[in-house]
Amino acid sequence: MPFLIPWLLTEVIYRNLTLQNVRVGIVIKTDYNEHPDEGYDPKALPVIEDISFTGIRGQGVRIPARIYGSPEIPVQNVTFQDMSVGITYKKKRIFQCSYVQGRVIGKIFPAPCDNLDWSDDRGKLLRRSTTKNTKDLDYDR
């Protein structure tokens with residue numbers, strides 16, 4: 001069961017999602033650089049971890065996933081499994097990630113960002129992530 005308090009988002013599971021004719025399918029973003037009130041503690045940063053996406057389908061999607069953590073608030077232990085999303089057009093970065101750690105289990109389409117480890121259907125590690133962080137963000141597309 002998810003445990004949710006203002007500074008902790010963990011154990012979130014998304015299953016059997018359908019994305020139809022959308023610009024961006026999945027969005028997690030931590031780099032807003034703002035806060036809703038004046039009296040907040042800038043050192044009290046949220047923890048975002050253990051988020052799972054399984055059984056994702058779709059057509060006409062420009063960017064299936066845009067996960068933007070930040071140096072202060074990384075997104076940790078994100079898992080993608082059983083994903084097949086038709087994209088509207090091919091571009092350099094279809095999956096967009098920064099300051100994200102996690103894994104892909106089995107084959108998914110389109111190919112995920114390099115921030116994620118890749119395991120076979122049984123969980124055996126096939127490839128470690130080649131990059132952990134990037135600042136080359138693509139907000140406008």
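The paragraphs below set out a description of the structure included in this document. Just so it is clear, the structure is predicted and the values come from calculations on it, not from any experiment.

1. Some words on the packing of aromatic side chains
Reasoning step 1: Considering all chains together, one arrives at three aromatic pairs under this definition.
Reasoning step 2: Seen in terms of ring centroids, Y14 and F53 are 5.0 Å apart; in terms of plane orientation they differ by 5°. Their pairing is stacked. Note that Y14 is positioned in strand β2 (residues 8–20) and F53 in strand β4 (residues 47–61), a separation of 39 residues in sequence.
Reasoning step 3: Overall, F53 belongs to the buried group, its relative accessible area being 3%.
Reasoning step 4: With a centroid separation of 5.2 Å and an interplanar angle of 80°, the aromatic rings of F80 and F95 are classed as edge-to-face. Taken together, the residues F80 in strand β6 (residues 75–87) and F95 in strand β7 (residues 95–98) connect sequence positions 15 residues apart. In terms of burial, F80 and F95 fall into one category: buried.
Reasoning step 5: By the ring-pair criterion, three or more aromatic residues cluster together here, those being Y14, F53, F80 and F95.

2. Things to note about the sheet that holds strand β3 (residues 24–29)
Reasoning step 1: An order of β3-β5-β7 is seen for the three strands of this open sheet, with the pairing classed as parallel. Of all the strands in the sheet, just β3 and β7 have a single pairing partner and so form its edges. The mean inter-strand angle of the sheet, taken between neighbouring strand axes irrespective of direction, is 5°.
Reasoning step 2: In terms of strand pairing, strand β5 (residues 63–68) meets β7 through four bridges, oriented parallel. Bridge assignment links A65 to a residue of β7, and that residue is F95.

3. Thoughts on the state of the cysteines
Reasoning step 1: Scanning the entire structure with this criterion turns up one disulfide.
Reasoning step 2: One disulfide bridge connects C97 with C113, the sulfur atoms lying 2.0 Å from each other. Between C97 and C113 the disulfide shows an S-S torsion of about -70°. By sign, it is left-handed. Of the two residues, C97 is situated in strand β7 and C113 in the loop between β8 (100–109) and β9 (116–119); the sequence distance between them amounts to 16 residues. Both residues of the pair, C97 and C113, belong to the buried class.

What counts and what doesn't
Residues numbered from 1 in each chain as written. Predicted model: local features only at pLDDT ≥ 70, side-chain atom pairs only at ≥ 80, totals over all residues. Heavy atoms only, no water. Phe/Tyr/Trp six-rings, centres within 6.5 Å; stacked < 30°, edge-to-face > 60°. Helix = DSSP H or I, 4+ residues; strand = E, 2+ residues; numbered from the N terminus. Buried < 20%, exposed > 50% of the residue type's maximum accessible area, 1.4 Å probe, protein only. Pairing = 2+ DSSP bridges. Axes fitted to C-alpha atoms, helices over the stretch in contact; angles between N-to-C directions. Disulfide = S-S within 2.5 Å.

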